[in-house]
Amino acid sequence: MPGIAATPALAEKLAKLGLVRADDLVLHLPLRYEDETALVAIAAAPWGEPVQIEAMVADVAVQFRPRRQLVARVCDAAGDELTLRFLNFYGSQTKQLESARDSGRPLRLFGEIKQGFFGPEMVHPRYRVVDAAAPLPEALTPVYPTTAGVSQAALRKLIAAALAAADLGEILDAAFCARHALTPFADAVGFLHAPPPGAPLGALQSREHPAWRRIKFDELLAQQLSLRRAFLARRERGAPVLAASGELGRQLRARLPFALTGAQQRVVAEIERDLAQPFPMQRLLQGDVGSGKTVVAALAACRAIEAGWQAAFMAPTEILAEQHYLKLKAWLEPLGVRVAWLAGSLKAAAKRAMQMEAASEAQLVVGTHALIQDAVDFAKLGLAIVDEQHRFGVQQRLALRKKGGDAASGAIPHQLMMSATPIPRTLAMSYYADLDVSVLDELPPGRTPVKTKLISDARRDAVIAGVRAAVAEGRQAYWVCPLIEESEKLQLQTALDTHALLAEELAGLTVGLVHGRLKADEKARTMAAFAAGEIDVLVATTVIEVGVDVPNASLMVIEHAERFGLSQLHQLRGRVGRGAHESVCALLYAGPLSATARARLKIIFEHTDGFEIARQDLHLRGPGEFIGSRQSGVPLLRYADLELDTALIELARTEAERLLCDNPAAVERHLARWLGSREELLKV
Ligand code: ADP
Ligand code: MG
């Protein structure tokens, strides 16, 4: 495989850009283009857009007011003048311009003309001293993503060499390309790196040109192939067959104070079918906040336990993990199931005891990240359940899976991941293409939808009165403190201040406080008191964002709602509306609002459906944040756009399936070209 000819220092910088092989350079495509194929006269140049001008230096001076700057006056062939201004410059630049002035060699200037104090000027133009009548480039000039110490010129040279050295051979079927109007690969990269004279700048910049379409397709195809292949490899490892009569699950269902919704029944059946297979389930259970995922997980655990294996249930925060533990214990212990609890806050001796339990008799182990620590060694883990999966990194989820299975046969445990942050369809089709997805698309009956109110913080008094009214009716309220992302210390102070202020404003009511810095047992005590109705108003940071379930709480106040992200607001709002009482979510905001904050508040006000909110969020923010830690360290799709290129995702998906069946050699070549050594990182 051709590498890159570069000095070690340059090679190191290139590696930071992910450029190690000639193939990488071939796929390092321009961010944009500059049109240096023509010159315009100063008088004719449009202002405010990039133009190229050729002019002689008339005058060079370093000025000191209002700040130190290099100013040159240039004059074109028609005699029109333009001022050049450099606020950052080197002494050598001054000399260079002076020598151009003295020798009469012209400057080629590239930049935007603006109205200056003394007529038209260019600030920090790109320029070159040229010979008179030096030829103009014939093609658009590509501008590449780069890093300090790697110049555009150096990249261009390296890329031109790579285009000559790399294998640009076509991998896709010619008939397939023709049917779907896909430009041949070599033509596409050749065109994008060096657009021929007259190439349409607009379609290139907007990435709508057919050459871009081919590149986007290839990128999506590589992603689909890689995920799909990881999926197949996992299947080959095998998994314990968790088949059982279903008696334990039936007993649990009989003891529940409610009947399962249709959606829950359907999803439980899907999971049970998977668990009875000899290859590992890799299933994502999506359900909006409050849709009842926990009981589905409990029923899955019953299946594993009845089949003689252990189940582990991991949650991202101690508050949530403990709540799950208490609930699962209450459900399952009466049925004779041994439930263990493992969290970072346990005292050393208790932790050791629980680790022993996990290594021996425990049938269900509930906990936080503590579950994946080295000291924990499961006896016979057959099912790993990860709640709020988007809160964990790939490595953490993998670590839980690695704790189980069967070393002798190489089998790995089944995995059930749960999330209330719905993944928009395009993301589900791309980054999550290797997962099976179950959706709880039905809320348990008897819920009244949460009413959302947007209230200016000038009307805080009205909100305080609302809290009093709710408590007078026997309800409880959450009060979420303003988010201070920059500083944990400030965040803590804000929580303390908010609590003190509310205790005063709500004199006569019991006002509790939870925040991230409390010791785990203090947190647990406060949450238990709130769940038991001993606290009327719980002041909280976002530690209550996920999972917390207190059905009697019917009012959620979020202060400075404009600082929160959409999924956070949706999750927080989901803490209420869990009982039969009419619930309200009051979003207090302080103006003036930025355009994005306004857009977010409008979306959360208008929509209650988590999928719709996630879709709009994706639109607002782009996919990066959704994927979160799953893809950390891996560049997101560089060229394809999940929102715009849905049709290409579909096409890549079907073609990936076909290639995996029919043409393994093409699969290898395509993955080598696109991912090289990076493929490992994509695995789940
Ligand atoms: P989430 O999907 O957000 O994790 P939970 O599992 O916490 O939701 O469930 C929310 C609440 O709904 C819990 O109090 C749970 O016991 C209750 N619940 C779950 N399923 C049903 C059902 N079928 N009918 C009534 N209540 C249910
Ligand atoms: Mg939950």
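This one's a predicted model, so the numbers in the text were calculated from it and none came from an experiment.

Cut-off values and rules
Residues numbered from 1 in each chain as written. Chains lettered and ligands numbered in written order. Predicted model: local features only at pLDDT ≥ 70, side-chain atom pairs only at ≥ 80, totals over all residues. Heavy atoms only, no water. Helix = DSSP H or I, 4+ residues; strand = E, 2+ residues; numbered from the N terminus. Buried < 20%, exposed > 50% of the residue type's maximum accessible area, 1.4 Å probe, protein only. Contact = heavy atoms within 4.5 Å. Near = heavy atom within 4 Å. Polar contact = N/O pair within 3.5 Å; in protein donor to acceptor, adjacent residues only side chain to side chain. Areas by Shrake-Rupley, 256 points an atom, 1.4 Å probe, with all protein chains shown as cover. 1 Å grid on protein atoms, 1.4 Å probe; cavity = no way out; pocket = protein on both sides within 12 Å on 5 of 7 lines; lining within 4 Å. Sits in = over half its atoms within 2 Å of the grid points. Nonpolar A, V, L, I, M, F, W, Y, C, P; charged D, E, K, R; others polar. Domains from an automatic or database assignment. Axes fitted to C-alpha atoms, helices over the stretch in contact; angles between N-to-C directions. Parallel < 35°, antiparallel > 145°, perpendicular 65-115°, else oblique. Left-handed = near helix turned anticlockwise from the far one by under 90°. Pairing = 2+ DSSP bridges. Core = buried A, V, L, I, M, F, W, Y, C linked by side-chain atoms within 4.5 Å. Phe/Tyr/Trp six-rings, centres within 6.5 Å; stacked < 30°, edge-to-face > 60°. Lys NZ or Arg CZ within 6 Å of the ring centre and 35° of its normal. Points joined across faces, edges and corners; volume = space filled by probe spheres on them. Salt bridge = Lys/Arg side-chain N within 4 Å of Asp/Glu carboxyl O. Arc of directions from axis to C-beta. Expected span 1.5 Å × (residues − 1).

1. Quick word on the overall build of the protein chain
Now for step 1: If you tally the helices and strands in the protein chain, you get 25 helices and 22 strands.
Now for step 2: Reported as C-alpha extents along the three principal axes, the dimensions of the protein chain are approximately 95 × 65 × 45 Å.
Now for step 3: Burial analysis of the protein chain (684 residues in total) assigns 51% to the buried set.
Now for step 4: Intrachain contacts of the protein chain at a sequence separation of at least 6 include 75% that bridge at least 24 residues.

2. Regarding the site of ligand 1
Now for step 1: Among the 17 residues in the neighbourhood of ligand 1, the closest are listed as G290, K293, T294, R447 and D549.
Now for step 2: Residue R578 places a side-chain N or O atom 3.4 Å away from an oxygen atom belonging to ligand 1.
Now for step 3: For ligand 1, whose free accessible area comes to 570 Å², the fraction covered by protein is 88%.
Now for step 4: Spatially, ligand 1 is embedded in the largest pocket.
Now for step 5: Here the residues of the shell around ligand 1 are counted per class, giving five nonpolar, six polar and six charged.

3. Overview of the environment of P200
Now for step 1: You can see P200 is positioned in the loop between α6 (185-193) and α7 (201-205).
Now for step 2: On a C-alpha basis, the gap between P200 and I455 in space is 50 Å, while along the polypeptide they are 255 residues apart.
Now for step 3: Those residues in contact with P200, other than ones at most four positions away along the chain, are F191 and H209.

4. With respect to the domain arrangement of the protein chain
Now for step 1: Per the domain assignment, the segments making up the protein chain are domain 1 (39-135), domain 2 (247-440) and domain 3 (450-607).
Now for step 2: A straight line from the C-alpha centre of domain 1 to that of domain 3 covers 58 Å.

5. A word on the packing of helix α16 (residues 460-472) against helix α17 (residues 488-505)
Now for step 1: Viewed as axis vectors pointing N to C, α16 and α17 meet at an angle of 70 degrees, and their least axial separation amounts to 11 Å. One element, α16, and the other, α17, form an angle in the roughly perpendicular class. The handedness of the crossing between α16 and α17 comes out as right-handed. Residues R460, I464 and R468 of α16 form the contact with α17, whose participating residues are L501, L502 and E505.

6. Re the sheet that holds strand β3 (residues 69-75)
The strands making up a sheet are joined through hydrogen bonds of the backbone, oriented either antiparallel or parallel.
Now for step 1: Within the open sheet, the seven strands sit side by side as β6-β7-β4-β3-β2-β5-β8. Their pairing is mixed. At either end of the open sheet lies a strand with only one pairing partner, and these are β6 (114-116) and β8 (126-129). Averaged over all neighbouring strand pairs, the angle between strand axes comes to 45 degrees, with direction disregarded.
Now for step 2: The strands that helix α3 (residues 91-103) touches are β2 (50-63), β3, β4 (81-86), β5 (107-112) and β8; relative to β2, the one it contacts most, it runs at about 105 degrees.

7. With respect to the packing of helix α8 (residues 210-237) against helix α24 (residues 664-675)
Now for step 1: As a packed pair, α8 and α24 sit with axes 9 Å apart at the nearest point and diverge in direction by 110 degrees. Our classification of the angle between α8 and α24 gives roughly perpendicular. By crossing handedness, the relation of α8 to α24 is classed as left-handed. Here I215, D218, E219, L221, A222, L225, S226 and R229 of α8 lie close against α24, whose contacting residues are V667, E668, H670, L671, W674 and L675.
Now for step 2: Classifying every residue of the contact of α8 with α24 by side-chain character gives eight nonpolar, two polar and four charged.

8. With respect to the nonpolar core
Now for step 1: Of all hydrophobic cores here, the largest spans 76 residues; its most connected members are L192, I215, F217, F378 and L400.
Now for step 2: Here this core gets eight residues from one element, more than from any other, and that element is α8.
Now for step 3: With residues up to four places along the chain from it excluded, the contact list for L192 reads L29, P30, Y33, L204, A211, W212 and I215.
Now for step 4: One finds L242, L252, L285 and F313 within the second-largest nonpolar core, a separate group that totals 44 residues.

9. Thoughts on the packing of aromatic side chains
Now for step 1: Applying the stated criterion across every chain yields a total of six aromatic pairs.
Now for step 2: Arranged with centres 5.4 Å apart and planes meeting at 25 degrees, the rings of Y325 and W341 form a pair that is stacked. In this pair, Y325 sits in helix α12 (residues 318-332) while W341 sits in strand β12 (residues 339-342), placing the two residues 16 residues apart along the sequence.
Now for step 3: Owing to a relative accessible area of 11%, Y325 belongs among the buried residues under this scheme.
Now for step 4: For K380, the ring lying beneath its charged end belongs to W309, and the centroid distance is 4.5 Å.

10. Thoughts on the layout of surface pockets
Now for step 1: Roughly 590 Å³ of volume is contained in the largest pocket.
Now for step 2: What lines the largest pocket is a set of 29 residues, and nearest its centre among them are G292, K327, R447, D549 and R578.
Now for step 3: For the lining of the largest pocket, the elements supplying multiple residues, two or more each, are α11 (293-306) and α12.
Now for step 4: For the lining of the largest pocket, the leading source of residues is α12, giving four residues.
Now for step 5: Looking at which domains feed residues into the lining of the largest pocket, each of domain 2 (247-440) and domain 3 (450-607) gives three or more.

11. Remarks on the pairing of strand β15 (residues 414-419)
Now for step 1: The element β15 is largely enclosed, with a buried count of six among its six residues.
Now for step 2: As judged from the five bridges shared by strand β10 (residues 282-287) and β15, these two strands associate in the parallel manner. Each residue of the ladder has a partner; that of L285, found in β15, is M418.

12. Details of the pattern of salt bridges
Now for step 1: Evaluation of the coordinates by the stated rule reveals 34 salt bridges.
Now for step 2: By sharing partners, the salt bridges in this structure join R266, E270, D274, R283 and D441 into a single network.

13. A word on the sheet that holds strand β14 (residues 381-386)
Now for step 1: As summarised here, the arrangement of the seven strands in space is β12-β13-β11-β14-β15-β10-β16, forming an open sheet in which the pairing is parallel. In the strand order of this sheet, the two ends are held by β12 and β16 (436-440), each with one partner. If you compare each strand with its neighbour and ignore which way they point, the axes differ by 20 degrees on average.

14. Brief notes about helix α9 (residues 247-255)
Now for step 1: Burial in α9 covers these residues: L248, G249 and L252. Down the axis of α9, the buried set is contained in an arc of 95 degrees. They therefore lie on one face.
Now for step 2: Packing partners of the buried residues in α9 comprise α11 and α12.

15. As for the pairing of β14
Now for step 1: Buried residues dominate β14, accounting for six of its six residues.
Now for step 2: Bridge analysis of strand β11 (residues 310-314) against β14 gives five bridges, and the strand direction is parallel. Paired with M314 across the two strands is V386, which belongs to β14.
Now for step 3: By the bridge criterion, four bridges tie β14 to β15 in an arrangement that is parallel. Bridging from a neighbouring strand, I385 pairs with L416 of β15.

16. Thoughts on helix α4 (residues 152-165)
Now for step 1: Taking 1.5 Å per residue, 14 residues should reach 20 Å; α4 reaches 20 Å between its end C-alpha atoms and fits that length.
Now for step 2: Looking only at α4, the buried set comprises L155, L158, I159 and A162. Angularly, the buried residues of α4 cover 100 degrees about the axis, an arc narrow enough to put them on a single face. When the buried face of α4 is taken as reference, the exposed residues oriented beyond 90 degrees from it are A153, K157 and A164.

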